[in-house]
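One-letter residues, chain by chain:
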Amino acid sequence: MSEPKQTDNDRVLIIPCSGIGKAFGSVGREAAYLVLEELRPDDTATVCLSLLTMGDEESQQRVREQRSIAIDGCPKACARVNIEHAGAEPAAIFRVFDVFRAHKELRVKQVSDIGENGREMARILAEEVAVKVDELRGGKE
Amino acid sequence: MPDLPEKKVGLIACSGEDLAVGTVSRMAVLQVLERLRPQETVTLCLPLFLAGEERERAFARFYPTIAIDGCSKRCAARATEKYSAQPAASLVIDDLIAQKGLPEPHGLRQLDAAGQAVAQAVANALAQEVDRLLGHKQPADIEVEAEGPGSEVEPEGLVVATCACGSGIPVAQLQVNGHQVEALALPAILDQFREMGKLANNATAGELMDAVKLYNHVPDDEAAAWHEAVLREYARTITAAGPAGNAD
């Protein structure tokens, strides 16, 4: 699988939280990669969230100039807050918990291996994000 | 001793979503947290340094912390130092790859075989560093081989990794010699003394300072000012909450 190209300023930035200690964080990251690598590889890109945390000028400029979608795994909303701190407003915000609320049968296994249920939850979330990407791309063209 | 999180080694991974070495950092840290040193390590999401509260930013001041970075931008090390405290150690995966002649990892969502091998090498290096920081004798010959994609067997005693957000270190601000200082663990210490029914006097202040010094560096030339400030804060705590237990 080739890694997504990030040269087109029209691409929508998909920015998941780092979520290293929460299973929902891993679901959000998986959902982001599904969008980036499978569902909308030509329409999306990402930036390292840690670069935004560090105030990296190039990354901050990208989130200010390109539309972004935040995917957060817990109420601390690190993705959204770090985007806002860079001086941008996410075009959309997705929370893994909202998917869980709608699909309570999907119990995620653990952070390092989200299991079948976690992958299913990520797929559902990724498809919702992909629809939003289409809306945003359609709205600009 | 106040009821505080156990002293462990903190691991902060860059998690770099845009780089294969970012995924390597994440997988290596999870390997240490869940399998190699589950009882000795704890983690925190790096962006929480900015998005979180003071208790999250106290992380590296309480836990000796290892920063694990994928690339030379060293976000984990720099963020830890900027928002919390200088990491006790740091590791850059690109450097480790060069030093050990490891293969270049590929893949963001799914690491290739080279990426998994590098993640394992990083995890092993981290486990050794954890032992060093905790003063443990380093067990020899315990390096774990990289698992292939088909490896489905979970080891016995698997611990599920969790982050320290929301369960971090309570922090209070004190006025010492006319400037504001941060006192780690002070709220928990004051609560504990109040529950023991300790009076707000000089003798108690001495005991309080013994506990405070376990978690904070108190310069010798500021010890008297800290003593006063802690006693003042304790008196305020008792007044606000009311006395508890039996007065001594």
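Residues numbered from 1 in each chain as written. Chains lettered and ligands numbered in written order. Predicted model: local features only at pLDDT ≥ 70, side-chain atom pairs only at ≥ 80, totals over all residues.

### Regarding the overall build of chain A
Secondary structure assignment for chain A yields six helices and four strands. Reading the helices (α) and strands (β) of chain A from amino to carboxyl end gives β-α-β-α-α-β-α-β-α-α. A globule of 141 residues ought to have a C-alpha radius of gyration of about 14 Å, and chain A, at 14 Å, matches this closely. If you line up chain A on its principal axes, its C-alpha atoms span 40 × 30 × 25 Å. (Helix = DSSP H or I, 4+ residues; strand = E, 2+ residues; numbered from the N terminus. Rg over C-alpha atoms; globule rule 2.2 N^0.38 Å.)

### Some thoughts on the interface of chain A and chain B
Facing 30 residues of chain A, the contacting portion of chain B comprises 33 residues. Contributions of two or more residues to the side of chain A that touches chain B are made by helix H1 (23-39), helix H2 (49-53) and helix H4 (78-85) of chain A. The leading source of residues in the side of chain A that touches chain B is H1 of chain A, at five residues. A per-class count over the side of chain A that touches chain B returns 14 nonpolar, ten polar and six charged. (Contact = placed C-beta atoms within 7 Å. Nonpolar A, V, L, I, M, F, W, Y, C, P; charged D, E, K, R; others polar.)

### Describing the domain arrangement of chain B
Domain annotation for chain B reports domain 1 (9-134) and domain 2 (171-241). Computed over C-alpha atoms, the centres of domain 1 of chain B and domain 2 of chain B are 34 Å apart. (Domains from an automatic or database assignment.)

### A short note on the packing of helix H1 (residues 20-36) of chain B against helix H7 (residues 113-134) of chain B
Residues and elements named next belong to chain B. Where H1 contacts H7, the axes come no closer than 8 Å and their chain directions differ by 50°. As judged from the angle between their axes, H1 and H7 are oblique. Note that H1 runs across H7; the crossing there is right-handed. Contacts from Ala 20, Thr 23, Val 24, Met 27, Ala 28, Gln 31, Val 32 and Leu 36 in H1 reach Gly 115, Val 118, Ala 119, Val 122, Ala 123, Leu 126, Ala 127 and Val 130 in H7. Looking at the contact of H1 with H7 residue by residue, the class counts come to 13 nonpolar, three polar and no charged. (Axes fitted to C-alpha atoms, helices over the stretch in contact; angles between N-to-C directions. Parallel < 35°, antiparallel > 145°, perpendicular 65-115°, else oblique. Left-handed = near helix turned anticlockwise from the far one by under 90°.)

### A word on the pairing of strand S6 (residues 179-184) of chain B
Residues and elements named next belong to chain B. Relative to S6, strand S5 (residues 171-176) is paired through six bridges, and the arrangement is antiparallel. Paired with Gln 173 across the two strands is Glu 182, which belongs to S6. Hairpin connection from S5 to S6: two residues lie between these consecutive antiparallel strands, with Asn 177 at a positive phi of about 50°. (Pairing = 2+ DSSP bridges.)

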